[in-house]
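For reference, the chains in residue letters:
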Amino acid sequence: MSKVNIKFESVGKSYGPLRVVDGLDLDIREGEFVSLLGPSGSGKSTILMMLAGFEDVSEGTISVGGSRIDLLPPHKRNMGVVFQNYALFPHMTVAGNIAFPLEMQGVSRADIAARVSRTLDMVQLSSLKDRRPIQLSGGQQQRVALARALVFEPSVVLMDEPLGALDKQLREQMQLDIRALHKRLGLTIVFVTHDQSEALTMSDRIAVFNRGKIEQIGTPREIYDHPSSRFVAEFIGETNILAGDVVEIGERDAVVALPGGTKIQVARPKSLARVGKVLVSLRPERVSLSPGAAGENVISAPIKDVVYFGDHLRVQFGDEAFGLVAKAERRTVEFNAGDTASLSFNAVDCWVIPS
């Protein structure tokens, strides 16, 4: 396992009485891609700015490679930063923008030329080196900003919602490009985003923030399949939250009674030691509507609404006693509002979270 590269210890940030970051403890390993994910105002961008040196730490310490850096000015932290607005110099060429941080460090002209050329090749912009930013597309400008952050070979690259200004198709392509670059160069990347799919696609680990604290941290699979709270379950993708009472506990499964009397089998987490009220998270894509489908849980319910999404149908079930959403594959079977259909799902796909 790689060693810890970045370490936050009891880091806090306040603006007068407003507490933005509260007692942050976070280790990021060398070569790891960690996304800081959360809604606006959750503290994730402030954490990145403290790491970069553009915001002071109110309390606690930040270390990189075992050395404390929170008292150092930004230019002595050896970090590349990519902002959402790219912050390119409009009067400079692509090559000039990329060379700028090396010129500020007093690097020789010959070394600058070699490193700029190498970095242009890395982001596939060599043919555009003499253009100005205004002559580039949004995706190309983003690549220039990334190249400028990489050219001085920093130990850490920080990205503050760098893809937010791009259209959907280009954003998805850039996600894959940055992911590939990370794997090829072995960079340590700290990436701030409020886009859940972006974090799931790119990250080794995701730290989900809520009101200045980490609500949960883990791999994309852990965060998505095993949310630790209702906030995480609802913030990461779409989920059904079913409230009920645990009425029976077995070695591997438990039985939850939903309002209206329906009982479902759920996976039993280790922490579930007694009966009582719980919430159950069930992802829509884990619900099967295929004719004859079988699972531990089979329920007949009225269809409230059907929405066509191209690659799937979003089918909403609901009455006074029961309601959930399912994602159905496109098949010859038609689902129409007002019909009654059978849906099924497995206990392993029902994740219990505290009520």
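Since the model is a prediction, treat every value here as computed from it, not as a measurement.

Concerning the side chain of Asn297
Take Asn297: it is sitting in strand β15 (residues 297-308). At 2.7 Å, the side chain of Asn297 and the backbone nitrogen of Gln265 are in polar contact. Ignoring sequence-local partners within four residues, the contact set of Asn297 consists of Lys263, Ile264, Gln265, Leu343, Ser344, Phe345, Asn346, Ala347 and Cys350.

With respect to the side chain of Thr188
Its location among the elements puts Thr188 in strand β8 (residues 188-193). Taking relative accessible area as the criterion, Thr188 reaches 2% and is therefore assigned buried. Only 2.8 Å separates the side chain of Thr188 from the backbone nitrogen of Gly31, close enough to count as a polar contact.

What to know about the UniProt feature "domain: ABC transporter" (unreviewed entry) in the protein chain
The positions that UniProt labels "domain: ABC transporter" (unreviewed entry) are, in the present scheme, residues 6-236. Summarising residues 6-236: 36% helix, 27% strand, and an end-to-end C-alpha distance of 25 Å.

Section: the sheet that holds strand β18 (residues 340-345)
In spatial order, the strands read β17-β16-β15-β18; together these 4 strands make up an open sheet with antiparallel pairing. A single partner strand is all that each edge strand has here, and the edge strands are β17 (323-329) and β18. Between one strand axis and the next, the sheet turns through 50° on average, direction left out of account. Summarising the sheet, strand β16 (residues 312-318) and β17 pair through 7 bridges and their orientation is antiparallel. What sits directly across from His312, in β17, is Glu329.

Focus on the nonpolar core
By size, the foremost hydrophobic cluster in this structure holds 36 residues, and its most contacted members are Ile98, Val116 and Met159. Those elements giving two or more residues to this core turn out to be α2 (94-104), α3 (109-122), α4 (138-150), β7 (156-160), α5 (168-185) and β8. Broken down by element, the residue count for this core peaks at 6 residues, all from α4. Ignoring anything within four residues of it in the chain, the contact list for Val116 reads Ala95, Ile98, Ala99, Leu102 and Val151. Residues Val256, Leu282, Ile303 and Ala341 belong to the second largest nonpolar core, which totals 29 residues.

Describing the packing of α4 against α5
With their axes 11 Å apart at the nearest point, α4 and α5 run at an angle of 20° to one another. With respect to α5, the element α4 is oriented roughly parallel. Judged by the twist between their axes, the crossing of α4 over α5 is right-handed. Each of Gly138, Gly139, Gln142, Arg143, Leu146 and Leu150 in α4 lies in contact with α5, whose residues at this interface are Leu170, Met174, Asp177, Ile178, Leu181 and Leu185. Of the residues that constitute the contact of α4 with α5, the class distribution is 7 nonpolar, 3 polar and 2 charged.

Quick word on the packing of α2 against α3
Contact geometry for α2 and α3: axes closest at 10 Å, N-to-C directions at 125°. Considered as vectors, α2 and α3 are oriented oblique to each other. Crossing of α2 against α3: the hand is right-handed. For the pair α2 and α3, the contacting residues are Val94, Ala95, Ile98, Ala99, Leu102 and Glu103 in the first and Ile112, Arg115, Val116 and Leu120 in the second. Class assignment for the residues of the contact of α2 with α3 results in 8 nonpolar, no polar and 2 charged.

Re the sheet that holds β7
On the basis of which strands lie adjacent, the open sheet formed by 6 strands has the order β6-β7-β8-β3-β9-β10 and mixed pairing. Of all the strands in the sheet, the pair left with one neighbour each is β6 (79-82) and β10 (213-218). Taking the axes of each pair of neighbouring strands and ignoring which way they run, one obtains an average angle of 15° across the sheet. Bridge count between β7 and β8: 5 bridges; the pairing is parallel. Along β8, the bridge assignment pairs Asp160 with Val192. Helix α1 (residues 44-52) contacts β3 (33-37), β6, β7, β8 and β9 (205-210) of the sheet and is inclined by roughly 145° relative to β7. Lying on the sheet, α4 is in contact with β6 and β7; it crosses β6 at an angle near 170°.

Here's the deal with unusual backbone geometry
Residues other than glycine seldom take positive phi values, yet Glu161 does so here, at roughly 45°. Inspection of the secondary structure puts Glu161 in the loop between β7 and α5. Positive phi, close to 55°, is recorded for Arg211, a residue that is not glycine. Structurally, the position occupied by Arg211 is in the loop between β9 and β10. Residue classification places Arg211 among the exposed positions, given a relative accessible area of 74%.

A look at the packing of aromatic side chains
A complete count under the given rule lists 4 aromatic pairs for this structure. Arranged with centres 5.6 Å apart and planes meeting at 40°, the rings of Phe33 and Phe191 form a pair that is tilted. Note that Phe33 is positioned in strand β3 and Phe191 in strand β8, a separation of 158 residues in sequence. Here Phe191 falls in the buried class, since its relative accessible area comes to 1%. When the centroid spacing of 5.6 Å and the interplanar angle of 5° are considered together, the rings of Phe231 and Phe235 count as stacked. Here Phe231 and its partner Phe235 are both found in helix α8 (residues 230-235), 4 residues apart, which amounts to about one turn of the helix.

What counts, and where the lines are drawn
- Residues numbered from 1 in each chain as written.
- Predicted model: local features only at pLDDT ≥ 70, side-chain atom pairs only at ≥ 80, totals over all residues.
- Heavy atoms only, no water.
- Helix = DSSP H or I, 4+ residues; strand = E, 2+ residues; numbered from the N terminus.
- Polar contact = N/O pair within 3.5 Å; in protein donor to acceptor, adjacent residues only side chain to side chain.
- Contact = heavy atoms within 4.5 Å.
- Buried < 20%, exposed > 50% of the residue type's maximum accessible area, 1.4 Å probe, protein only.
- UniProt positions renumbered as here; feature names shortened; annotations may be inferred.
- Pairing = 2+ DSSP bridges.
- Axes fitted to C-alpha atoms, helices over the stretch in contact; angles between N-to-C directions.
- Core = buried A, V, L, I, M, F, W, Y, C linked by side-chain atoms within 4.5 Å.
- Parallel < 35°, antiparallel > 145°, perpendicular 65-115°, else oblique.
- Left-handed = near helix turned anticlockwise from the far one by under 90°.
- Nonpolar A, V, L, I, M, F, W, Y, C, P; charged D, E, K, R; others polar.
- Phe/Tyr/Trp six-rings, centres within 6.5 Å; stacked < 30°, edge-to-face > 60°.

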